[in-house]
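Each chain is listed here by its residues.
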Amino acid sequence: MASLKALRMRINSVKSTRKITQAMKMVAAAKLRRAQQRAEAARPYAERMERMLGSLGAAVAGQPDAPRLLVGSGGDQVHLLVVVSGDRGLAGAFNTNVGRFARARVRELESAGKTVKILAIGRKGATFLRREFGSRFAGEISFAGKKAVGFEDAAEVASRITAMLEEGEFDVCSLIYNRFRNVITQVPSEQQLIPAALPEAGSDAQEGPQALYEYEPTEEEILASLLPQNLAVQIYRSLLETTAGFYGSQMTAMDNATRNAGEMINKLTLNYNRTRQANITKELIEIISGAEAV
Amino acid sequence: MATFQLEFVSPEKLLLSRPVEMAVLPAAEGEMGVLPGHAPMIVALRGGVITVREGGQETEKLFVAGGFAEVTPTRVTILAEEATPVASLSREDAERRIADCEKALAEAADATPEKREAAMARLLSARAMLAAAQAA
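Residues numbered from 1 in each chain as written. Chains lettered and ligands numbered in written order. Predicted model: local features only at pLDDT ≥ 70, side-chain atom pairs only at ≥ 80, totals over all residues. Heavy atoms only, no water.

J.: Help me get a handle on the overall build of chain A, residues and values and all.
T.: From N to C terminus, chain A includes seven helices and six strands. Counting helices and strands in the order they occur from the N terminus, chain A gives α-α-α-β-α-β-α-β-α-β-β-β-α. The globule rule puts the C-alpha radius of gyration for 294 residues at 19 Å, and the 28 Å found for chain A is more than 25% above it. The dimensions of chain A, computed from C-alpha atoms along their principal axes, are 115 × 45 × 30 Å. (Helix = DSSP H or I, 4+ residues; strand = E, 2+ residues; numbered from the N terminus. Rg over C-alpha atoms; globule rule 2.2 N^0.38 Å.)

And the structure:
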């Protein structure tokens with residue numbers, strides 16, 4: 001049986017671990033609230049942009065010289081997967097989930113004979129995928145040093161993807177990230193970026209059938225500047241959802257860790273008290289038997 | 001006087017949403033005044049100043065560096081990355097931005113025409129910012 005001193009030290013160490021996990025849980029909860037607010041604030045822009053794209057896309061669709069961002073390069077050979085994950089760990093299975101999802105997707109595409117390229121955003125997902133698919137990496141982006149991701153960061157990623165498209169480095173681009181369903185559930189999911197999946201026009205129920213818009217300058221020109229912006233908006237949204245999901249996941253993980261530490265402390269304390277009792281009993285027996293022998 | 005809803009959204013948040021009487025937008029092909037009941041339009045914006053009129057007076061002047069606007073009879077939605085009240089524009093900022101853009105344009109000299117055009121548009125928007133800062 002472990003000595004009393006050793007037990008005492010273990011109890012103390014678990015106690016400080018519990019303090020840390022508890023603090024991390026509180027911090028994650030506060031950050032989660034902020035991340036959720038930011039995600040909420042970004043929604044109006046995305047909604048309006050979707051509405052504009054819907055009506056524009058309907059006007060331009062089917063034209064032979066439609067922009068590449070809208071129709072892609074026409075091929076289906078090279079796939080670019082943009083994998084968004086967290087920059088830090090200690091968030092349960094958050095990063096592993098999105099990594100696993102991406103891995104399954106890469107295998108699926110490769111067994112269908114496609115070429116896959118990976119652009120990893122976030123350090124954890126990058127390390128996860130690099131082990132197996134290091135040769136497919138087209139780039140790695142991390143916002144680890146930043147306090148919060150801004151729209152400029154997303155715009156930068158978007159312009160990088162656009163540049164790759166213009167160079168003809170891929171045909172199809174999709175985004176893999178943890179969709180934020182609620183605080184405890186994040187679902188890894190895939191969303192196609194290029195060719196752009198256009199929302200249905202006229203789905204705005206409030207205003208009934210939309211009147212036909214006039215465009216200034218032409219539809220094509222507006223679309224040409226709207227599409228890169230839309231790409232950035234999609235990426236921005238995925239970044240925000242990842243941030244919110246990350247903190248949600250971290251909060252749950254740290255809550256569990258705190259509870260486990262509490263259970264462990266109870267067990268160790270029980271063990272400690274039993275050992276102490278046993279020691280006392282042993283000493284008493286020694287004294288009594290010593291006295292009887294005299 | 002009749003009003004329409006003016007909404008100003010940036011990718012990060014909703015900047016402004018309230019009923020106004022008239023708004024003047026710096027559309028890509030010239031200034032455009034919008035009154036309630038305007039025909040539905042989607043316009044691209046160049047860098048310039050958006051003037052808002054309420055109660056018969058100019059109440060707000062905002063500088064935008066570019067973006068889009070959706071006009072319907074009852075509502076105008078402006079999608080822009082940033083909007084600064086003209087009064088808080090500074091000349092130094094504008095001049096610095098012009099210098100940056102000129103450099104970028106010089107670097108883009110042998111890039112694709114699209115890239116040159118984009119750099120040019122940014123330079124023009126920076127010049128509009130300086131003009132707005134000087135006028136304020």
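Now that the structure is up, let's keep going.
J.: How would you summarise the environment of Ala-108 of chain B if you had to cite specific residues and measurements?
T.: All names here are of chain B. Residue placement: Ala-108 occurs in the loop between helix H1 (91–107) and helix H2 (113–135). Ala-108 sits in the buried class, given a relative accessible area of 12%. The spacing of Ala-108 and Val-24 is 84 residues in sequence and 33 Å in space, taken between C-alpha atoms. (Buried < 20%, exposed > 50% of the residue type's maximum accessible area, 1.4 Å probe, protein only.)

J.: Summarise the packing of aromatic side chains; cite the residues concerned and give the values.
T.: Residues and elements named next belong to chain A. Going through the model one piece at a time under the given rule, you end up with three aromatic pairs over all chains. Seen from their ring centres, Phe-246 and Tyr-247 are 5.3 Å apart, and the 75° between their planes marks the pair as edge-to-face. Residue Phe-246 shares its accessibility class with Tyr-247, and that shared class is buried. Put simply, the rings of Phe-94, Phe-246 and Tyr-247 touch in pairs and so form one group of aromatic residues. We note Arg-130 situated over the ring of Phe-137; from NZ or CZ to the ring centre the distance is 4.5 Å. (Phe/Tyr/Trp six-rings, centres within 6.5 Å; stacked < 30°, edge-to-face > 60°. Lys NZ or Arg CZ within 6 Å of the ring centre and 35° of its normal.)

J.: Lay out the sheet that holds strand E1 (residues 78–84) of chain A with the relevant residues and their values.
T.: Residue and element names in this part refer to chain A. Spatial strand order, E3-E2-E1-E4-E5: five strands in an open sheet with mixed pairing. Of all strands in the sheet, those with a lone pairing partner are strand E3 (137–141) and strand E5 (186–194), marking the two edges. Here the average twist between neighbouring strands, direction ignored, is 20°. With seven bridges connecting them, E1 and strand E2 (residues 115–121) associate as parallel partners. Across the sheet, residue Val-82 finds its bridge partner in E2, namely Leu-119. This element, helix H5 (residues 123–133), spans E1, E2 and E3 of the sheet and lies at about 160° to E3. (Pairing = 2+ DSSP bridges. Axes fitted to C-alpha atoms, helices over the stretch in contact; angles between N-to-C directions. Contact = heavy atoms within 4.5 Å.)

J.: Please give an account of the confidence of the model for chain A that cites residues and values.
T.: Residue and element names in this part refer to chain A. Chain-level pLDDT for chain A is 86 on average; 93% of the residues reach the 70-or-more range. Within chain A, the element-level pLDDT minimum falls on helix H3 (residues 68–71), averaging 74, and the maximum on helix H1 (residues 4–41), averaging 94. Taken as a whole, residues 201–209 scores under 50 in pLDDT and shows seven contacts with residues more than four places along the chain or in a different chain. (pLDDT = per-residue confidence, 0-100.)

J.: Please provide a residue-by-residue account of the confidence of the model for chain B, values included.
T.: Residue and element names in this part refer to chain B. Mean pLDDT over chain B works out to 84, with 99% of the residues at or above the 70 mark. Mean pLDDT per element in chain B: H2 is the minimum at 78, and strand E3 (residues 22–27) is the maximum at 91. This prediction of the complex comes with two scores: 0.83 for pTM and 0.77 for ipTM.

J.: Outline helix H6 (residues 151–166) of chain A, listing residues and values.
T.: Between its terminal C-alpha atoms H6 of chain A stretches 22 Å, which fits the 22 Å expected from 16 residues at 1.5 Å a residue. Three or more residues of H6 of chain A are buried, namely Phe-151, Asp-153, Ala-154, Val-157, Ala-158, Ile-161, Thr-162, Met-164 and Leu-165 of chain A. (Expected span 1.5 Å × (residues − 1).)

J.: Summarise the nonpolar core; cite the residues concerned and give the values.
T.: Ranked by internal contacts, the top residues of the largest apolar core, which has 52 residues, are Ile-161, Phe-170, Ile-194 and Ile-235 of chain A. Here this core takes eleven residues from helix H7 (residues 219–293) of chain A, the largest share from any one element. Apart from the residues lying within four places of it in its own chain, the contact partners of Ile-194 of chain A are Arg-68, Leu-69, Gly-72, Ile-161, Leu-165, Phe-170, Asp-171, Val-172, Cys-173 and Leu-231 of chain A. Ranked by size, the runner-up nonpolar core spans 22 residues in total, among them Phe-4, Ala-23, Met-32 and Val-52 of chain B. (Core = buried A, V, L, I, M, F, W, Y, C linked by side-chain atoms within 4.5 Å.)

J.: Which residues make up the side chain of Gln-186 of chain A, and what values go with them?
T.: All names here are of chain A. Position of Gln-186 among the secondary structure elements: in strand E5. Among the polar contacts listed, one links the side chain of Gln-186 to the backbone oxygen of Asn-182, at a separation of 3.4 Å. Only 3.0 Å separates the side chain of Gln-186 from the backbone oxygen of Val-183, close enough to count as a polar contact. Those residues in contact with Gln-186, other than ones at most four positions away along the chain, are Phe-94, Asn-178, Arg-179, Phe-180, Arg-181, Gly-245, Gly-248 and Ser-249. (Polar contact = N/O pair within 3.5 Å; in protein donor to acceptor, adjacent residues only side chain to side chain.)

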